[in-house]
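Chain and residue survey
Here are the chains, one letter per residue:
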Amino acid sequence: MERFDFPQLGETLYKTVLPNGLTVAVVPKKGFNRKTAYFVTDFGAVYTDFTVDGNRIQVPGGIAHYLEHKLFDMPDMDVSASFAELGASPNAFTGYDVTAYYFHCTDRFEQCLELLLKFVSTPYFTEGSVQKEQGIIGQEIGMNEDNPDTRVFEDLMKAMYRAHPVTVPILGTRDSIAQITPELLTACHRAFYRPKNMLLCVVGDVDPQTVADMAQKMLPEDTLQVTRVEQWDEEMTCAEPVVRCAMDVALPMFQIGFKCEPLGMGDEAVRGEVIGELTAEVLFGESSRLYLNMYEQGLIDSSFGGGFDTLDGLAMLTASGDSRQPEKVRDGILEEAKRILNDGIPTETLLRLKRSALGRRIRELDGFDSTAFRVCAYHLSGFDYFRFPEVYASVQEQDILEFLQRVVTKERCAMSVVEPLN
């Protein structure tokens, strides 16, 4: 395995691409008992249209999450109980563009890793178990429909986007999951749970070559040709400026989004992400002029916050919280953007915000979970995560001003509000 040293962070990364196509990354943590392994596939909720060896396949919304649930079923074992017998804790999650399976352990790491690789790479779907899962996930969908935090976000996505499948919930809908069959689950597993489409990352006091050898031994090669169909061209205007609904909440909840061009892959994409992140801090971060003014006026409370989010095919600047006057919060953000464009950003302010953001990223390296997942996620975006300090160093005031001028406009803005029932 090739070794990469990052002395500024005090980190080392071992990385290789195996003959079967799997990328393996190991971050050694000498002297620590805890070990974490993430097995990630470049497949999430938005990928419902693809070709396999030239044959077009379209699947229902929610199938990536459904597949994550069903992979814990094995014909000859209870996966969770088997991990528990090894003293390990397994889990998984599905996002819009990625699905991850992982475990933590202190002992018997190699047995745990073997179990992880085995159950994720073994499709086992019966008619009865698939139908049973519809009831379980249907209940989960019902819980989300009753959750104001979920509702305000999902309504914002529908207000902002016309073509992108982010408008379909990660869990799908009751109608979409009713269409899922063992055959469709098998087709998705065959297309996306291939070594070439996956990454294994381990953080802990382990031997990197042992991890690579196990993954090569257990995972087969394949020659499939898979292409995702992504016909998601979006105008930079929003579908609707404001959407509202009423739920059982004490105060109106809101989320505001500003539509941004997709960032793509590689260094420039990550630099665009950092520019968006720093813009959020300059515009409405906790130390910003706007935040302090709105807080003193009672327009926002401690629930207010925001940031910059990216997915395959989209990017957006968002802010959310509770407010009796969400329209004034939105208008205040637009006005503050104009003021910053006129007055500029003090050098000491930008330097402080860059140091603060960089410090948060460095502190996150103490967490095995955050390190493992970020190594995986940024690899899938074509970037080595431990290079992030050089990206922060490259961002200048003009980058943020250009972002504000282009993105933080009324035309690109949408707002979702959940109002109290009474």
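Located above this text is the structure these notes cover.
To keep things clear, this report deals only with the structure shown in the data block. What you are looking at is a predicted structure, and each value in this text was computed from that prediction instead of being measured. (Residues numbered from 1 in each chain as written. Predicted model: local features only at pLDDT ≥ 70, side-chain atom pairs only at ≥ 80, totals over all residues. Heavy atoms only, no water.)

**Let's talk about the side chain of Thr36**
Examined against the element boundaries, Thr36 turns out to sit in strand 4 (residues 35-41). Classification of Thr36 by relative accessible area gives buried; the value is 0%. Only 3.1 Å separates the side chain of Thr36 from the side chain of His104, close enough to count as a polar contact. Ignoring anything within four residues of it in the chain, the contact list for Thr36 reads Phe103, His104, Cys201, Val202, Val203, Phe368, Asp369 and Ala372. (Helix = DSSP H or I, 4+ residues; strand = E, 2+ residues; numbered from the N terminus. Buried < 20%, exposed > 50% of the residue type's maximum accessible area, 1.4 Å probe, protein only. Polar contact = N/O pair within 3.5 Å; in protein donor to acceptor, adjacent residues only side chain to side chain. Contact = heavy atoms within 4.5 Å.)

**Some points on the packing of aromatic side chains**
Under the counting rule described, the total for this entry stands at 27 aromatic pairs. Aromatic side chains Tyr291 and Tyr295 sit 6.2 Å apart centroid to centroid with 10° between the ring planes, which places their arrangement in the stacked category. On the criterion of helical spacing, the pair formed by Tyr291 and Tyr295 is a turn pair, its members being 4 residues apart in helix 10 (residues 289-296). Three or more aromatic residues link up through ring pairs in this structure, and these residues are Phe43, Phe50, Phe72, Phe83, Tyr101, Phe103, Phe109, Phe119, Phe192 and Tyr193. Between Arg228 and the ring centre of Tyr47, over which it is positioned, the NZ or CZ distance is 3.9 Å. (Phe/Tyr/Trp six-rings, centres within 6.5 Å; stacked < 30°, edge-to-face > 60°. Lys NZ or Arg CZ within 6 Å of the ring centre and 35° of its normal.)

**Concerning the pairing of strand 4**
Most of strand 4 sits inside the fold, with 7 of its 7 residues counted as buried. Where burial is concerned, the two faces of strand 4 agree: the one with Lys35, Ala37, Phe39 and Thr41 and the one with Thr36, Tyr38 and Val40 are both buried. Here strand 4 pairs with strand 8 (residues 99-105) via 7 bridges, running antiparallel. Counterpart to Phe39 in the pairing with strand 8 is Tyr101. Pairing of strand 4 with strand 9 (residues 198-204), which is carried by 6 bridges, proceeds in the antiparallel orientation. For Thr41, the partnering residue across the bridge sits in strand 9 and is Met198. (Pairing = 2+ DSSP bridges.)

**Quick look at the sheet that holds strand 10 (residues 226-228)**
A sheet is described by the order of its strands in space; here 3 strands give the open sequence 6-5-10, paired in antiparallel fashion. One side of each edge strand has no neighbouring strand; the edge strands of this open sheet are strand 6 (55-58) and strand 10. The sheet shows a mean angle of 25° between the axes of neighbouring strands, taken without regard to direction. Of the pairings in the sheet, the one linking strand 5 (residues 49-52) to strand 6 comprises 4 bridges and is antiparallel in character. Considered in strand 6, the bridge of Asp49 is made with Gln58. Packed on one face of the sheet, helix 7 (residues 182-192) meets strand 5, strand 6 and strand 10 and runs near 70° to strand 5. (Axes fitted to C-alpha atoms, helices over the stretch in contact; angles between N-to-C directions.)

**Comments concerning the layout of surface pockets**
By volume, the largest pocket amounts to about 1,200 Å³. Along its surface, the largest pocket is lined by 41 residues, and Glu273, Asp309, Thr310, Leu311 and Tyr378 are the ones closest to its centre. Of the residues belonging to the lining of the largest pocket, the class tally is 20 nonpolar, 9 polar and 12 charged. (1 Å grid on protein atoms, 1.4 Å probe; cavity = no way out; pocket = protein on both sides within 12 Å on 5 of 7 lines; lining within 4 Å. Points joined across faces, edges and corners; volume = space filled by probe spheres on them. Nonpolar A, V, L, I, M, F, W, Y, C, P; charged D, E, K, R; others polar.)

**What about the nonpolar core?**
By size, the foremost hydrophobic cluster in this structure holds 74 residues, and its most contacted members are Leu113 and Leu116. Top contributing element to this core by residue count: helix 3 (residues 109-120), with 8 residues. Aside from chain neighbours lying at most four places away, what touches Leu113 is Ala37, Phe103, Leu200, Val211 and Met214. Counting 68 residues, the second-largest nonpolar core is a separate cluster that includes Phe6, Val27, Phe304 and Val395. (Core = buried A, V, L, I, M, F, W, Y, C linked by side-chain atoms within 4.5 Å.)

**Comments concerning the packing of helix 10 against helix 11 (residues 326-343)**
Axis separation between helix 10 and helix 11 bottoms out at 10 Å; the angle between their running directions is 145°. Judged by the twist between their axes, the crossing of helix 10 over helix 11 is right-handed. Counting all contacts with helix 10, which are made through Arg289, Leu290 and Met294, the residues of helix 11 involved are Val329, Gly332, Ile333, Glu336 and Arg339. (Left-handed = near helix turned anticlockwise from the far one by under 90°.)

**A look at the packing of helix 3 against helix 8 (residues 208-218)**
One can describe the packing of helix 3 onto helix 8 by two numbers: an axis separation of 10 Å at closest approach and a directional angle of 35°. Of the two elements, helix 3 crosses helix 8, and the hand of that crossing is right-handed. Facing helix 3, whose interface residues are Phe109, Glu110, Leu113, Glu114, Leu117 and Lys118, helix 8 presents Thr210, Val211, Met214, Ala215 and Met218. Per-class residue counts for the contact of helix 3 with helix 8 are 7 nonpolar, 1 polar and 3 charged.

Any functional reading would require information beyond the geometric quantities listed.
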